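# Structural overview for review
Here is what each chain is made of, one letter per residue.
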Amino acid sequence: MTSSGQGATRREFLGYAAAAGAGAGWLDFPLALRSLVAAEDVGNPLEHYPTRGWEKVYRDQYAYDSTFTWVCSPNDTHACRVKAYVRNGVITRLGNDYSYQDYKDLYGNHATPNWNPRQCAKGYTFHRRVYGPYRLKYPMVRVGWKEWADAGFPDLTAAERKRFRFDARGSDRFVRLSWDEAFDYLSRGLVAIARAYSGEAGATRLLAEGYPREMVAAMEEAGTRTMKFRGGMGLLGIFGKYGAYRFSNMLALLDERIRGVPHEKARGGRNWSNYTWHGDQAPGQPWVHGLQTSDCDFNDLRFSRLIVMDGKNLVENKMTDSHWFIECMERGAKVVVIAPEYGAPSTKADYWIPIRPGTDAALFLGITRWMMENAGYDEAFVKGFTDFPLLLRTDNLRLLRAHEVFPGYKNRLSPEGPSLKTQNLTAEQYGKLGDFVVWDARKGAPASVTRDEIGGRMTGAGIDPVLEGRFEVPLADGSKVECLTVWTAYRKHLEDYDLDTVADITKSPKELILRLARDLATIRPAAIHQGEGINHWFHATEMNRAAHLPLLLTGNIGQPGAGCHTWAGNYKAALFQGSPWTGPGFKGWVAEDPFEPNLDPKAHGREVKAHAFSKDEEPAYWNHGDRPLIVETPSEGRKVFTGKTHMPTPTKSIFCSNVNLFNNAKHAYEMFRNVNPKIDLIVTADINVTATVEYADFALPANSWVEFEGLEVTASCSNPFLQVWKGGIPPVFDTKDDLMILAGWAKRLGEVVGDERFAAC
């Protein structure tokens, strides 16, 4: 080695160095001093610096060959589009896409640039999961399960379960399989399970294993009813994740083959729900407005003047979208936090109300009482858009119906009104609801009102309902009944919730409760955002309903920046709802009739025939010892509290994808020790090795969001975007798209039973 052709070679340099170390010869060192150029005198390095080659090395570490965009789709309600930077086929970094202003709908309406940037720590570090050490890289099967299959699937007596180590999941070894081998084993396993538990012989076997007779009866002799499917949070990937439920519905074909029944009597698998088991959803919201939940796109926060976070952390849990409420603060909006602890949201609040956990309902009831007693409400809105003026019978506490009051009354809801024409209220539903009754102040008598006669329609009909009072109402049969308005009933109910009592119940400062009551009475628009954690408490239904009351009193419903909202997972189901003019919608995907599939890619949605051969089920029953709620009472004997509509069936097969099912389960030791050993097949598909992989029989490696080879679709409850994407790099390992995993399994299942219809589904 030389230095630019000048001076000593490396060997000579070392020799001179050794001589110098010995104290002699150093003066003969021929290293040219002219190669030691004096440093240029730099007065101000920020103004001028002569040597800048090192900057290229620094910049080159961010160089890339290509880019692509993908959607980061975890269960966090954000669904951000992320840009990946690729170098030599490897993602080196991830960043914001800044393209939301280009999003538009079919009518040309554009989103605003305010949605930019959209990305959090999960998104810009996702490539660490793709290349990380915990990646699930190839299909695997538990050795004991494979031995059972190779032995011809003998009946699983207690001894045989021990022999094939069904009680040793988590400690048994895994071995690698090819995809063809995995699909073959899985298909033959499903056939064996369906045969084992079908018919009278299958029912007898399940009863002998100790399953309650109600569970066995709910199977209707179909072994396929023991097969449970959970597609994670399905909307995170409409095709792949919800494809699990399509697969479950397709198993009606297998039941037809096994039992020899006509397809009308065939039964598919059971579809495990996503939200209710976790308890994140607000259970009281359907009681108020009939929908699964109320949420708003987060840009709606820009219009709020008062934001109340009730057990909700919009700072840390909504990282990508927290800027919306921060911008509200900059515009002068007021932020209030209700939470037991002083956390991240409280640091952004105008005031924080500490509260004893589980007492939120009392807080809102006390606020409601104060607002009603101190004229802190919008009387016109309360009369025109709430049920407060409706008459309530005191003898049975039911709403008074028009047909009870007016002889020969005929329901008069207009077929051209919103209830029947837009909301698709059915005649059967309307027949059960009927029309209601108010006390008309103008006539001094009862008057009927329909669902559509609200606001201006009510005043246009010449009706001025009385808000408070008790009345003796003559009925159509000649009798009389005492009635009171719903408002009056609430006034009576709320007598127990004076502010002193509420402060004692909640342990919240009375002056802060009063401050929030005054703010809710005077600041508009106002919105209450409730967190998922508070929905886990007993009586959360009442808490959710109570939070609506202050907003109903002030007209903070249905307006920009107003409402009572909660977010729990990604759903946005309205984007996929069916209608008479579009076809079955979402149901056409998860429950297309497997006996009559429409394989024409150009077919209109109306031409897709949907028929649900599968049936929904709560995984809570599996997590409750795989049992319904049956109690042996001392005085009444055996009591079954689970109704027929919700009755679970014995669990003999589980398939889950995109969800760490066992990590989510309560009482994990009980599940691993006593429940899961009785299950014949447990399969999970995931990106990484999880606790569910560890305790499964099969681990199927799925492509990550950046590796998808086919299209995938997602939407989110906190933004308006329906997003479609593919990956941008080939699969790093022996992995497949979620949908291709299910399709490969279905194809092989059809080959095993000799039925090509499986591949068509």
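Treat the numbers as computed from the prediction; the structure is a model and nothing was measured.

Scanning the chain for helices and strands turns up 31 helices and 25 strands. Based on the C-alpha atoms only, the size of the chain along its principal axes is roughly 130 × 80 × 60 Å. Buried positions account for 50% of the 761 residues belonging to the chain. Restricting to contacts in the chain with at least 6 residues of sequence separation, those with at least 24 account for 69%. Per element, the accessible surface of the chain, about 36100 Å² overall, is 53% carbon and sulfur.

Here we come to the packing of aromatic side chains. Under the definition given, this model contains 39 aromatic pairs. Centroid distance Y100 to F721: 5.2 Å. Interplanar angle 45 degrees. Geometry classified as tilted. Taken as a pair, Y100 in the loop between β3 (90–96) and α3 (121–124) and F721 in the loop between β24 (712–715) and β25 (722–725) lie far apart in primary sequence, 621 residues in all. Per residue, the accessibility class of Y100 equals that of F721, and both read buried.

Relative to the helices and strands, L661 is located in helix α27 (residues 661–664). What makes L661 buried here is its relative accessible area of 0%. With 486 residues separating them in the primary sequence, L661 and V175 have C-alpha atoms 22 Å apart.

Below, the discussion takes up the sheet that holds strand β14 (residues 470–474). In spatial order, the strands read β11-β15-β14; together these three strands make up an open sheet with antiparallel pairing. Pairing within the sheet leaves two strands with one partner each, and these edge strands are β11 (391–393) and β14. Neighbour-to-neighbour, the strand axes of the sheet open up by a mean angle of 45 degrees, direction not taken into account. Both β11 and strand β15 (residues 480–485) contribute to a ladder of three bridges, which runs antiparallel. For R393, the partnering residue across the bridge sits in β15 and is C483.

Ranked by internal contacts, the top residues of the largest apolar core, which has 64 residues, are W145 and F247. Every residue in contact with W145, bar those within four places of it in the chain, is listed here: F153, F164, F166, Y185, G189, D680, L681, D697 and F698. Counting 53 residues, the second largest nonpolar core, distinct from the first, contains I338, M458, L514 and M543.

Turning our eyes to something else, we now look at the packing of helix α15 (residues 360–373) against helix α24 (residues 540–554). Orientation of α15 relative to α24, taken along the N-to-C sense of each, is 25 degrees, at an axis distance of 8 Å. Relative to α24, the element α15 lies roughly parallel. For α15 against α24, the interelement crossing comes out left-handed. Judged by residue contacts, D360, A361, F364, L365, I367, T368, M371 and M372 of α15 engage E542, M543, A546, A547, L549, P550, L553 and T554 from α24. Among the residues making up the contact of α15 with α24, the classes are represented as twelve nonpolar, two polar and two charged.

The two faces of strand β17 (residues 563–566) match: G563 and H565 on one face and C564 and T566 on the other face are all buried. Sheet topology note: the strand β16 (residues 526–530)/β17 ladder contains four bridges and is parallel. When the bridges of β17 are listed, A527 appears paired with G563. Each parallel crossover has a hand, and for β16 linked through α24 to β17 it is right-handed.

Every α-helix carries 3.6 residues per turn, so stepping three or four residues along brings you back to the same face. Buried residues of helix α11 (residues 252–259): A252, L253, L254, D255 and E256, and no others. Close packing links the buried residues of α11 with α7 (179–197), β6 (227–230), α10 (243–250), α30 (738–753) and α31 (757–760).

On to the state of the cysteines, then. In total, this model carries zero disulfides according to the counting rule given. The thiol sulfur of C72 is not disulfide-bonded, and the nearest other cysteine sulfur, from C120, lies at 6.4 Å. Owing to a relative accessible area of 7%, C72 belongs among the buried residues under this scheme.

It is worth spelling out unusual backbone geometry at this point. Between N116 and P117 the backbone carries a cis peptide bond, its omega angle lying at -15 degrees. Locating P117 in the fold gives a position in the loop between β3 and α3. At the junction of R524 and P525, the peptide bond is cis and its omega measures out at -5 degrees in the coordinates. Despite not being glycine, F153 has its phi angle at roughly 55 degrees, a positive value. Relative to the assigned elements, F153 resides in the loop between α5 (143–150) and α6 (158–163). At H667, a position not held by glycine, the phi torsion is positive, near 55 degrees. Structurally, the position occupied by H667 is in the loop between α27 and α28 (668–675). Among the residues examined, H667 registers a relative accessible area of 58% and is labelled exposed.

The next point concerns the sheet that holds β16. Strand order in the open sheet made by the five strands is β10-β9-β8-β16-β17, with parallel pairing throughout. Of all strands in the sheet, those bounded by a partner on one side alone are β10 (351–353) and β17. For this sheet, the mean inter-axis angle between neighbouring strands, taken without regard to orientation, is 20 degrees. As paired strands, strand β9 (residues 334–338) and β10 are joined by three bridges and run parallel to one another. Within the sheet, the bridge partner assigned to V336 lies in β10 and is Y351. Against the sheet, α15 engages β8 (306–310), β9 and β16, with an angle of about 135 degrees to β9. Contacts between α24 and the sheet are confined to β8, β16 and β17, with β16 contributing the most and set at about 170 degrees to the helix.

Quick look at the pattern of salt bridges now. By the definition in use, this model includes 47 salt bridges. E373 is the salt-bridge partner of R369, the closest N and O atoms lying 2.8 Å from each other. With R369 and E373 both in helix α15, this residue pair falls four residues apart, about one helical turn. For E751, the salt bridge is made with K747, and the minimal N-O distance between the two is 2.8 Å. Taken together, the residues span about one helical turn, with E751 and K747 both in helix α30 at a distance of four residues. Note on E751: relative accessible area 42%, which makes it partly exposed. By sharing partners, the salt bridges in this structure join R142, E147, R165, R169, D172 and D697 into a single network.

Turning to its location among the elements, T112 is positioned in the loop between β3 and α3. On the basis of relative accessibility, which here comes to 29%, the residue T112 falls in the partly exposed class.

This part is about the side chain of T651. Among the structural elements, T651 can be located in the loop between β20 (637–640) and β21 (653–657). The exposure class of T651 is buried, given its relative accessible area of 0%. Beyond its immediate sequence surroundings of up to four residues, T651 is in contact with Y211, T226, K228, W272, W622, D626, K678 and I679.

What counts and how
Residues numbered from 1 in each chain as written. Predicted model: local features only at pLDDT ≥ 70, side-chain atom pairs only at ≥ 80, totals over all residues. Heavy atoms only, no water. Helix = DSSP H or I, 4+ residues; strand = E, 2+ residues; numbered from the N terminus. Buried < 20%, exposed > 50% of the residue type's maximum accessible area, 1.4 Å probe, protein only. Contact = heavy atoms within 4.5 Å. Areas by Shrake-Rupley, 256 points an atom, 1.4 Å probe, with all protein chains shown as cover. Phe/Tyr/Trp six-rings, centres within 6.5 Å; stacked < 30°, edge-to-face > 60°. Pairing = 2+ DSSP bridges. Axes fitted to C-alpha atoms, helices over the stretch in contact; angles between N-to-C directions. Core = buried A, V, L, I, M, F, W, Y, C linked by side-chain atoms within 4.5 Å. Parallel < 35°, antiparallel > 145°, perpendicular 65-115°, else oblique. Left-handed = near helix turned anticlockwise from the far one by under 90°. Nonpolar A, V, L, I, M, F, W, Y, C, P; charged D, E, K, R; others polar. Right-handed = clockwise from strand over helix to strand, strands pointing away. Disulfide = S-S within 2.5 Å. Salt bridge = Lys/Arg side-chain N within 4 Å of Asp/Glu carboxyl O.

These figures capture arrangement, not role.
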